[in-house]
Amino acid sequence: MLCICKETFKQDYEQKFLELYGKELKEGTDYQRYEALGSLVRDYIAKEWLSTDKKYHSSKVKQVYYFSMEFLLGRLLSSSLLNLGIRDLCREALEELNIDLEGLEELENDQGLGNGGLGRLAACFLDSMASLNIPGHGCGIRYKYGFFQQKILEGSQVEFPDNWLKENNVWEIKRSDKAVVVKFGGSVKMESLKERLLFTHVNYEPVLAVPYDTPVLGYKNGTVNTLRLWSAEPVGNDFDFSTFSRGDFLKAIEYKNSIEAISQVLYPDDSIVEGRILRLKQQYFFVSAGIQSIIKNFKKNGNSITDFDDKVSIHINDTHPALAIPELMRILMDEEGLSWEDAWRITENTISYTNHTILSEALEKWPVDIFKTLLPRIYMIVEEINERFCRYLWNKYIGQWQKISEMAIIADGFIRMANLAIVGSHSVNGVAKLHTEILKKQVMANFYYNSPHKFNNKTNGITHRRWLLQANPHLTKLLCETIGESFIYHPTDMERFEAFAEDKGIHERLYQIKKENKINLANYIKKSCGLIVDTNSIFDVQVKRIHAYKRQTLNILHVIDLYNRLLENPNLDITPRTFIFAGKAAPAYHLAKNIIKLINAVGKKINEDKRIRDKIKLVFLENYRVSLAEKIIPAADVSEQISTTTKEASGTGNMKFMMNGAVTIATLDGANIEIRDEVGDDNIVIFGLTEQQVLNYYKNGGYNSTEVMRKDIRLQKVMDSLINGTYSKDHNDFRPIYDALITYNDEFFVLKDFSSYLEAQSRINSLYEDFRTWQRMSAINIAHSGIFSSDRTIEEYATGIWGSGYLYKNL
Ligand SMILES: *Cc1c(COP(=O)(O)O)cnc(C)c1O
């Protein structure tokens, strides 16, 4: 633990500033003050980083590596100060120097190397592993450009590159000495040597993988783990361009660019995959680099390769890093000389896999011809895994060709990554109870019945340190005053707050805290889009990726209906509401972009309409990201979690909102079910089709959205307004949405759930109007949110999947 006093801190800071810029603090820019503070904090971390490393080395404790194509870390200054336990000290010290800490924190670019929930989960897990003293490290790609920046121009999304490394990143350290070579293309030479076949990869294109390490610190425990992100460089970067003739010079540049392209940019698809060759390159690139470096480290420790699975766990976040399976096989056989059988045992024991979605458009598969050309040796291994697995299936399921072909890893010219991941790992987990049940009984039923012991559930979580302590200091203070500080280390202790759920004084405090957070958000809204919102209105919030299955459309149809009713009756008895949206659409996802356009068009219309007397307002905040979520979520009264039942594997946004005292309006989907189980039916508002009903429609048909529309005149009117010029001069502007809902029969049951949703929204209104009821609901949600801390999730992974979780306790 870092021990430091305010005076020393001030001296260190001034010294750091002088070193970096050769001038005094007061002569510098604000950004320089941020950068100097970040550098100083990283220096403070360095000692503990080294000693954690040494401790892991000497104790030979099992190491966990979390492989993920995405890490959505957000900002690191505030969380580092918090976890070091010096945030207050730092704030006071800076105040004495006339510097505002929060102001500096705002200058940091988000580290946005992820799309949404999956990437953010990886970030929460890193925080929890370090805070629980688990030797768990991240492995991923250091994209030069993160998730795109979104601007709303004339009501539509426009994408701009996220050049997050434009300024120096103070949190990372480049480790050129730890670079490794990753090989693409070429061919495989086979020779017999004694009784063995020897495989040599020849004529390949080498790519240098250079690691950049970011420290991941635990909460006040001195543990500092490592997030290692790989960057692609040409091998032998230093050749002299000036000696090339002009033609060769350009060729050399082209070559350099083609290599660097590998870690150039994050694919901006969430829950949709595009089978691009560059993405396959990215996957093999970081997986191969990651495993090579793990093995080097492992051997440096003097371990024998046959003990690998005792000392190493590799977890793959979705199938994106599933090439870890053939890559580990390759190294164990071709480089370490193990037999297939020994290599397979070690690989299966080492690797575990999390499935994140049942959406078929998100299941990865790679065309064999592309795969084979790019990764010839890896393809041979995948082929062999497939052959052995199919042989086993033939013997087990005699004559059941349908089942066998469904389970094959290679079929119809494609490699199915989920099948590879299941076969090559010892654990397959879903991310919420319902999701895991659907995997076991539907999507992966064949595999489940073949190897039931592999399947298990690990309901997602969020780090309460970022999403409560850091994002909502006022609420944190109230909790500390009422139930003490134990919940900081044991988040389920928040249950003690339930004893205050009926307390009038606490209701008042909760109201005031929410109000302050709403005022802060209102100021941000004013600044960012010029709109003035009423902080006495209900803040009704849906922030997440824009996707048809998440049903932002259902939300906007409700807004339109409410607007219609207010026009008919301007005295309609409702509490004023502010509808707040934020979220990015994948640039190629036209329907999602159309939804953003509709939300903005509706907002423009109702915000300018004097007739409804400010009863409702609508805001779309651009560029949703972690740092914006930290501002929005603590200010929410209502949390919109309205995905089509069965489609949202878990959701984590839902957990952040409840922890901050919002009341959830939800379908019984993903972790919403577990939230309902925790708070009880009285403290959440549930609506919509059940799992059974949805599955039944998908299986047997029988849904007709046009019929539903015709039977409901409110809905008829809302739908007409999409195509009659109400929200845009061009009647065809919102055709894509209209067609998805009517012409293509509403795949996500938006119209079907419409009336049930309206009814739920009117319940929200009544509940809010009863002050005591609402504050009690809010208190109970907070009290029961502790179980959704990612500390609980990580404990379950450590003991249930990675093994020997208990070992870490005494470290
Ligand atoms: C938590 C989070 C998400 C995931 O939200 P869901 O509502 O679970 O889809 C996405 N993006 C950011 C920036 C987040 O913080």
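What you are looking at is a predicted structure, and each value in this text was computed from that prediction instead of being measured.

Scoring rules and cut-offs
- Residues numbered from 1 in each chain as written.
- Predicted model: local features only at pLDDT ≥ 70, side-chain atom pairs only at ≥ 80, totals over all residues.
- Heavy atoms only, no water.
- Near = heavy atom within 4 Å.
- Polar contact = N/O pair within 3.5 Å; in protein donor to acceptor, adjacent residues only side chain to side chain.
- Areas by Shrake-Rupley, 256 points an atom, 1.4 Å probe, with all protein chains shown as cover.
- Helix = DSSP H or I, 4+ residues; strand = E, 2+ residues; numbered from the N terminus.
- Nonpolar A, V, L, I, M, F, W, Y, C, P; charged D, E, K, R; others polar.
- Pairing = 2+ DSSP bridges.
- Contact = heavy atoms within 4.5 Å.
- Axes fitted to C-alpha atoms, helices over the stretch in contact; angles between N-to-C directions.
- Phe/Tyr/Trp six-rings, centres within 6.5 Å; stacked < 30°, edge-to-face > 60°.
- Buried < 20%, exposed > 50% of the residue type's maximum accessible area, 1.4 Å probe, protein only.
- Lys NZ or Arg CZ within 6 Å of the ring centre and 35° of its normal.
- Salt bridge = Lys/Arg side-chain N within 4 Å of Asp/Glu carboxyl O.
- Lys, Arg positive; Asp, Glu negative; His and termini not counted.

Q: Please explain the site of the ligand as it appears in this structure.
A: The ligand sits among 13 residues. The nearest are K544, K550, T652, G653 and K656. G653 places a main-chain nitrogen or oxygen 3.0 Å from an oxygen atom of the ligand. Considered on its own, the ligand offers 390 Å² of accessible surface; in the complex 95% of this is hidden by protein. Only α24 (626–632) and α25 (653–659) provide two or more residues apiece to the shell around the ligand. Per-class residue counts for the shell around the ligand are 4 nonpolar, 5 polar and 4 charged.

Q: Looking at this structure, how should I read the environment of N395?
A: Within the secondary structure layout, N395 lies in helix α13 (residues 376–396). C-alpha separation for the pair N395 and G484, spaced 89 residues apart in sequence, amounts to 61 Å.

Q: Before we go on, may I ask you to explain the sheet that holds strand β20 (residues 538–543) in this structure?
A: Strands in a sheet are paired, the pairing made by backbone hydrogen bonds, and the direction either parallel or antiparallel. Spatially, 6 strands are ordered β22-β21-β20-β23-β24-β25 in an open sheet, and the strand pairing comes out parallel. For this open sheet the edge positions go to β22 (616–621) and β25 (685–686), each flanked by a neighbour on one side alone. Against the sheet, helix α21 (residues 504–529) engages β20, β21 (577–582) and β22, with an angle of about 70° to β22.

Q: I tried to follow the packing of aromatic side chains on my own but got confused; where do I start?
A: Two aromatic rings, taken as a pair, are described by how far apart their centres are and by the angle between their planes. Scanning the entire structure with this criterion turns up 26 aromatic pairs. Measuring from centroid to centroid gives 6.5 Å for W340 and W344, while their planes differ by 10°, and the two rings are stacked. With W340 and W344 both in helix α11 (residues 340–350) and 4 residues apart, the pair spans about one turn of that helix. This pair shows no difference in class: W340 is buried, exactly as W344 is. Clustering of aromatic rings is evident, with ring pairs tying together Y66, F125, Y797 and W802. In this arrangement the basic side chain of R142 is found over the ring face of Y212, its NZ or CZ atom lying 3.7 Å from the centre. Positioned over the ring face of F199 is R377, at 3.8 Å from the centre of the ring.

Q: Can you help me understand the pattern of salt bridges in this one?
A: Close approach of charged atoms lets side chains of opposite charge pair. Tallying each qualifying case throughout the model produces 57 salt bridges. Salt-bridge contacts for D753 lead to R551; the nearest nitrogen and oxygen are separated by 2.9 Å. Of this pair, D753 sits in helix α31 (residues 750–769) while R551 is found in the loop between β20 and α22 (552–568), placing the two residues 202 residues apart along the sequence. With respect to class, D753 is no different from R551; both count as buried. R763 is the partner of E759 in a salt bridge, and the nearest nitrogen-oxygen pair spans 3.5 Å. One end of the pair is E759 and the other is R763, both in helix α31 and 4 residues apart, which spans about a single turn. A single salt-bridge network, built from bridges that share partners, covers K6, E7, K10, E92 and E96.

Q: Just to check I follow, could you spell out the sheet that holds strand β17 (residues 414–416) for this structure?
A: Strand order in this open sheet of 3 strands is β15-β17-β16, and the pairing throughout is antiparallel. The open sheet is flanked by β15 (365–367) and β16 (410–411), the only strands paired with a single partner. The pairing of β16 with β17 spans 2 bridges and is antiparallel. Looking at the pairing, I410 lines up with I415 of β17.

Q: Looking at this structure, I do not really get the side chain of N301. What am I missing?
A: Summarising the element assignment, N301 is placed in the loop between α8 (277–300) and α9 (308–311). Here N301 falls in the buried class, since its relative accessible area comes to 16%. Apart from residues lying up to four places away in sequence, N301 is in contact with Y56, H57 and K60.

Q: Please explain the side chain of K544 as it appears in this structure.
A: One can find K544 in the loop between β20 and α22. As a buried residue without a salt bridge, K544 has its nearest oppositely charged side chain in E648, at a separation of 4.3 Å. Looking at K544, its side chain comes within polar contact range of the side chain of Q641, at 2.7 Å. Beyond its immediate sequence surroundings of up to four residues, K544 is in contact with K550, Q552, A582, G583, K584, Y624, E640, Q641 and E648.

Q: What's the story with the pairing of strand β9 (residues 187–193) in this structure? I'm lost.
A: With 7 bridges joining them, β9 and strand β10 (residues 196–202) adopt antiparallel strand pairing. Paired with S192 across the bridge in β10 is L197. A loop of 2 residues connects β9 with β10, the two strands running antiparallel in sequence, and K194 in this loop sits at a positive phi of about 50°.

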